[in-house]
Amino acid sequence: MGDWHSRPVSQIMKELDSRAGGLSSREAAARLERYGPNQLEAPPRPSLLLRVLGQLKDPMILVLLAAAGLSLAASGGEDWLDGAIILVIVVVNSVLSITQEDHAQQALEELRRMSSPMAQVLRDGQRVKLAAAALVPGDVILVEAGDQVPADARLLECSRLQTDESAMTGESLPVEKGCRDALPADAPLGDWSNMVLSGSLVTAGRGTALVTATGMDTQMGRIAGLLLEDPEGETPLQRRMAEISRSLSFLCLAVCAVMFGVGLLRGKGLLEMFLIAVSLAVAAIPEGLPAIVTIVLALGVQRMADRGAIVKKLPAVETLGCASVICSDKTGTLTQNRMTVQTLWLPPGGRRREALTAGCLCSDACLVWKAGAPTASGDPTEAALVVYAAQGGVDQGQLNCPRAGDIPFDSDRKCMSTLHPREGGGWVVYAKGAPDVLLERCTHGPEGPLTPGQRRRILQANEAMAQDALRVIAVARRDLSALPPRLEPEQVERGLTFLGLFGLMDPPRPEVRSAVHKCHLAGVRPVMITGDHRSTAAAVARALDILRPGDLAVTGAELDFMPQETLEEDIDKFSVFARVSPEHKMRIVRAWQKRGCVAAMTGDGVNDAPALRAADIGCAMGRSGTDVAKGAADMILTDDNFSTIVAAIEEGRGIYANIRKAIHYLLSCNIGEIVTLFAATLLDLGQTPLVPVQLLWLNLVTDSLPALALGVEPVEEGAMEKQPRDSSAGLFDRDFSIRLAWQGLMVGGLTLAAYFLGLLWLGAPGQEGAAANTMAFATLTLSQLFHAFNVRSEDRSVFALGLFSNGAMNKAFLAGLALQLAVLLLPPLQGVFSTVPMDGAQWLAVLALAAAPIPICEGAKALSAAPRGTAVPPAARAERAGAAR
């Protein structure tokens, strides 16, 4: 039913068999079985049969099938082996493609599950947080500013509640909500002020509501065809790969057509040349390139999730590698979000234990020991004092000094006092508060009456702590012989004895300084954005090396008077932005982008959403972030930690490098195959070095497994010592293209060398052609497997990387080697793949030529070791390290 807005709450409660305290867990589980999960239905996936048939749409598969048919027809059914093998390879190719699709889909679904929305709900009378998909009609949910409404629900109670329903009604302004009685049944959706709608965003206030519809029964579900999320679009890199793949395909087809024509002119058979041309096209065209890129991206994203960064949108992975600025919040991201006592200042004659006792007794925080360490619950400042006292040997729970009364903290008085019985009779008052206020009420110090000079020294100590960005709390005491008639501030908080000053701060996370240092080495500029005071922010930024000599700190008030053009011109002068609002964040992001930088921005509040969307990489806080912020972000930090952003940038660089490696491997090997066949055809060697079945086998053995193994290559050492990649730079730069060309020629040259050795020298009389063919086939396959190790790094030796540091590569190599040896050594397969047994000399020649890519590429890397591409020069690196101290 869709008329929940037009019925009384009592009637709805009765119909849904619910109550104000929510459903029981057992009832909720039963209803989940009945109604299904609270989520929109995804478009159904095609059946396995349709997906298999979909593979036949690939033009290369259709050409292969045609080649198999022609082979069978031309042989009159007598020599059916070649045609049958082609059909088997088509089936195997289809199975591999579907398996890759499934793996990519599973990875993406796992990522969606990790970033799925949560809901606060009453179950068994208790407030719990669970996945929104587990909600059922009759549940009682609680929503507050920043939440995404998880289901259609009728309001039971609310306070200044407003929601953004623009996704459903088109109304751009927030809608005010209230617990009104039944509305007219024909009231338009935009006027349903007594309901909150699934998918809308709470922009202000809070409320309690009764779930009336979930999943496809919600108002969003009714128009799901319009509101379902767009299908996962291709990333820019995937689109570029598809374009590159198409361009290379046309080039390969052109080469195959020329080879086909030249072969016919040289008197070769039509069917023979057609099968060779088709097989070469299938082997050489990188049709799996886009799929490999998708899988490498998905695997990389899962690796990021293991490090605490959940990437919601695949394009963000590419962008991360280009990030040049990180605009980070201070509290909780750069700092621990935990107040800690940094210092305790005592006046002359002061006793440390007395000050610690005052700090832990004049407090509403409670000490709790966990795993032998003191912690405390309550106000962060009071908790810090209680923990510090326990660390100093004053355990709040063992003082045996119960509280007899108190005067709570008041913002006007800026002071708090507690009354306790004193050993030996009488009473003691402990007070804490702002130093200047409390000092006015003190008449004595530990050594007697306070002199003007002593007061001056106390104020100077307070000022010095404040300049170090510490929050300063003063403590004092007063002894009473009898209880005052009333606990009034005027009666109790006077004639105090000053005990000391506590300096507190939210300390930086210990791992952040090294992450900031890594940013400086990587050419990434860390910037602090906070609502805190300038002095506090600057002190933390200096401690973390974010605010360096010559850098400036600016406040939101100063930004208000600064034109955007000036901010854009001077943006690189500022490392700290203090007392800023979310609106200022937008200006800061745009200023950095105007300077050509790729900016990452952190945020957690509702008002941060526009800045997160505007940033190149929006990073929402997983712990403290609102649903709105998480919805707008590209990435969610599960631990709210700055170091996780830096780790994600490092992974992003590694993922992009791995994609380049996979492309490098596939294309250099494919060039080698083309060079081998094309050169042999032009030279008119009498026979081709490889037969069609061998080319198709090559496509299976050498293409997918090594390329995927390169996709999980660990991030290279030194990845964060290079400048960020230019986001507009093409994949095929000059050095990359030259490397592809000469390595492809190397693979082709080694294969032809093996062919000539077998044909002119090592082949047994009468079997020169078969031996040459077998040696060329073995060399081409094995040299590609060896070459995969070279591609693990563009400039570092494979031995420096560690031969066993990528287990997936070792497994791919062994799997490919085992398959190739089976074809070369097992008699039944020798007949199928047109190979003959090789003697010791032939094997020695094959292995020497197949392994040759490693020493050749190692030599090339050694020659080019001086220029390190975009690496930071050693002098600059040393200078940065010295500046980072």
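Here, the structure is the one placed above.
None of the values given here were measured: they were computed from a predicted structure.

Definitions and cut-offs
Residues numbered from 1 in each chain as written. Predicted model: local features only at pLDDT ≥ 70, side-chain atom pairs only at ≥ 80, totals over all residues. Heavy atoms only, no water. Helix = DSSP H or I, 4+ residues; strand = E, 2+ residues; numbered from the N terminus. Buried < 20%, exposed > 50% of the residue type's maximum accessible area, 1.4 Å probe, protein only. Contact = heavy atoms within 4.5 Å. Areas by Shrake-Rupley, 256 points an atom, 1.4 Å probe, with all protein chains shown as cover. Phe/Tyr/Trp six-rings, centres within 6.5 Å; stacked < 30°, edge-to-face > 60°. Lys NZ or Arg CZ within 6 Å of the ring centre and 35° of its normal. Pairing = 2+ DSSP bridges. Salt bridge = Lys/Arg side-chain N within 4 Å of Asp/Glu carboxyl O. Patch = residues over 30% accessible without salt bridge, like charges linked within 9 Å, V, L, I, M, F, W, Y side chains within 5 Å. Axes fitted to C-alpha atoms, helices over the stretch in contact; angles between N-to-C directions. Parallel < 35°, antiparallel > 145°, perpendicular 65-115°, else oblique. Left-handed = near helix turned anticlockwise from the far one by under 90°. Nonpolar A, V, L, I, M, F, W, Y, C, P; charged D, E, K, R; others polar. Core = buried A, V, L, I, M, F, W, Y, C linked by side-chain atoms within 4.5 Å. Polar contact = N/O pair within 3.5 Å; in protein donor to acceptor, adjacent residues only side chain to side chain.

A.B. asks: Describe the overall build of the protein, naming the residues involved and giving the relevant values.
C.D. replies: The helix and strand inventory of the protein stands at 35 helices and 25 strands. In the protein, buried positions account for 52% of the 885 residues. Taking contacts inside the protein between residues at least 6 apart in sequence as the whole, the part at least 24 apart equals 72%. Entry remark: accessible area of the protein is about 38600 Å², with carbon and sulfur atoms responsible for 58%.

A.B. asks: If you had to explain the packing of aromatic side chains to someone new, which residues and values would you point to?
C.D. replies: Tallying each qualifying case throughout the model produces 6 aromatic pairs. Ring centres of F574 and F577 lie 5.9 Å apart, and the angle between their planes is 65°; on these two criteria the pair is classed as edge-to-face. Here F786 and F813 contribute two aromatic rings whose centre-to-centre distance is 5.2 Å and whose plane-to-plane angle is 65°, an arrangement assigned as edge-to-face. Taken together, the residues F786 in helix α29 (residues 768–790) and F813 in helix α31 (residues 807–825) connect sequence positions 27 residues apart. One aromatic cluster is present, built from ring pairs that chain together F786, F789 and F813. Note that R7 overlies the ring of W4, its terminal NZ or CZ placed 4.3 Å from the centroid.

A.B. asks: Lay out the pairing of strand β2 (residues 126–131) with the relevant residues and their values.
C.D. replies: Bridge count between strand β1 (residues 118–123) and β2: 6 bridges; the pairing is antiparallel. Considered in β2, the bridge of M118 is made with A131.

A.B. asks: Explain the pattern of salt bridges to me, and be specific about the residues and the numbers.
C.D. replies: A full pass over the atoms with the stated rule returns 32 salt bridges. The partner of R123 in a salt bridge is D139, with the nearest N and O atoms 2.8 Å apart. Of this pair, R123 sits in strand β1 while D139 sits in the loop between β2 and β3 (140–144), and the two are 16 residues apart along the sequence. Exposure class is identical for R123 and D139. Each is buried. For the salt bridge of R441 with E493, the shortest nitrogen-to-oxygen distance reads 2.7 Å. Pair noted here: R441 is in the loop between α15 (435–440) and β16 (442–445) and E493 is in the loop between α17 (489–492) and β19 (496–505), with a separation of 52 residues, a long-range link. A relative accessible area of 24% means that R441 is categorised as partly exposed.

A.B. asks: Talk me through a nonpolar patch on the surface; I want residue IDs and the actual numbers.
C.D. replies: Nonpolar side chains collect at one region of the surface, where L49, L50 and L53 lie side by side and expose about 310 Å² of accessible area between them. Secondary-structure assignment places L49 in helix α3 (residues 48–55).

A.B. asks: Mind laying out the packing of helix α25 (residues 642–683) against helix α27 (residues 704–711), listing which residues take part and the relevant values?
C.D. replies: Contact geometry of α25 with α27 gives a least axis separation of 8 Å together with a crossing angle of 155°. Taken as axis vectors, α25 and α27 run roughly antiparallel relative to one another. Along this stretch, α25 crosses α27, giving a crossing that reads as right-handed. Between α25 and α27, the contacting residues are N658, K661, A662, Y665 and L666 on the first element and P706, A707, L710 and G711 on the second. The residue inventory of the contact of α25 with α27, partitioned by class, reads 6 nonpolar, 2 polar and 1 charged.

A.B. asks: Any details on the nonpolar core? Residues and values, ideally.
C.D. replies: Among the nonpolar cores identified, the biggest contains 113 residues, and I326, F498, L501, M635, F642, I649 and Y665 are the most heavily contacted of them. No other element matches α25, which puts 15 residues into this core. Sequence-distant contacts of F498, that is, excluding residues within four places in its chain, are made with W345, P347, L439, C442, H444, G445, P446, L450, I458, A474, V475 and A476.

A.B. asks: Give me the lowdown on the sheet that holds strand β8 (residues 309–311), citing residues and values where you can.
C.D. replies: As summarised here, the arrangement of the 8 strands in space is β8-β25-β24-β23-β9-β20-β22-β21, forming an open sheet in which the pairing is mixed. Both edges of this open sheet fall to β8 and β21 (552–555), since each of them pairs with a single strand only. On average, each strand axis in the sheet is inclined to that of its neighbour by 20°, with strand direction left out of account. Relative to strand β25 (residues 635–637), strand β24 (residues 617–621) runs parallel, the two being bridged by 3 bridges. Across the sheet, residue M621 finds its bridge partner in β25, namely L637. Relative to strand β22 (residues 574–578), helix α19 (residues 534–543) is tilted by about 140°, and along the sheet it contacts β20 (525–529), β21 and β22. Contacts from α25 reach β8, β9 (325–329), β20, β23 (599–603) and β25 within the one sheet, and its direction differs from that of β9 by about 160°.

A.B. asks: Kindly report on unusual backbone geometry, identifying the contributing residues and their values.
C.D. replies: It is generally the case that most residues other than glycine have a negative phi and that most peptide bonds are trans. In this structure, N400 is a non-glycine residue whose phi angle is positive, near 50°. Checked against the element boundaries, N400 lands in the loop between α14 (380–391) and β13 (405–410). For R579, which is not glycine, the phi torsion reads 50° and is therefore positive. Locating R579 in the fold gives a position in the loop between β22 and α22 (582–594).

A.B. asks: So what's going on with helix α26 (residues 692–702)? Residues and values would help.
C.D. replies: Note that an α-helix has 3.6 residues per turn; residues three or four places apart therefore point the same way. Within α26, 11 of the 11 residues are buried, which leaves it mostly tucked inside the rest of the structure. Residues P692, V693, Q694, L695, L696, W697, L698, N699, L700, V701 and T702 constitute the buried set of α26.

A.B. asks: I'd like a rundown of the side chain of T602, residues and numbers included.
C.D. replies: Note on placement: T602 falls in strand β23. Classification of T602 as buried rests on a relative accessible area of 1%. A polar atom in the side chain of T602 sits 2.8 Å from the backbone nitrogen of D329.

A.B. asks: How would you summarise the pairing of strand β11 (residues 366–370) if you had to cite specific residues and measurements?
C.D. replies: Looking down a regular strand, the side chains alternate between one sheet face and the other. As judged from the 5 bridges shared by β11 and strand β12 (residues 373–377), these two strands associate in the antiparallel manner. The residue bridging K370 from the neighbouring strand is A373, located in β12. Connecting β11 to the next strand, β12, in antiparallel fashion are 2 residues, including A371 with a positive phi near 55°.

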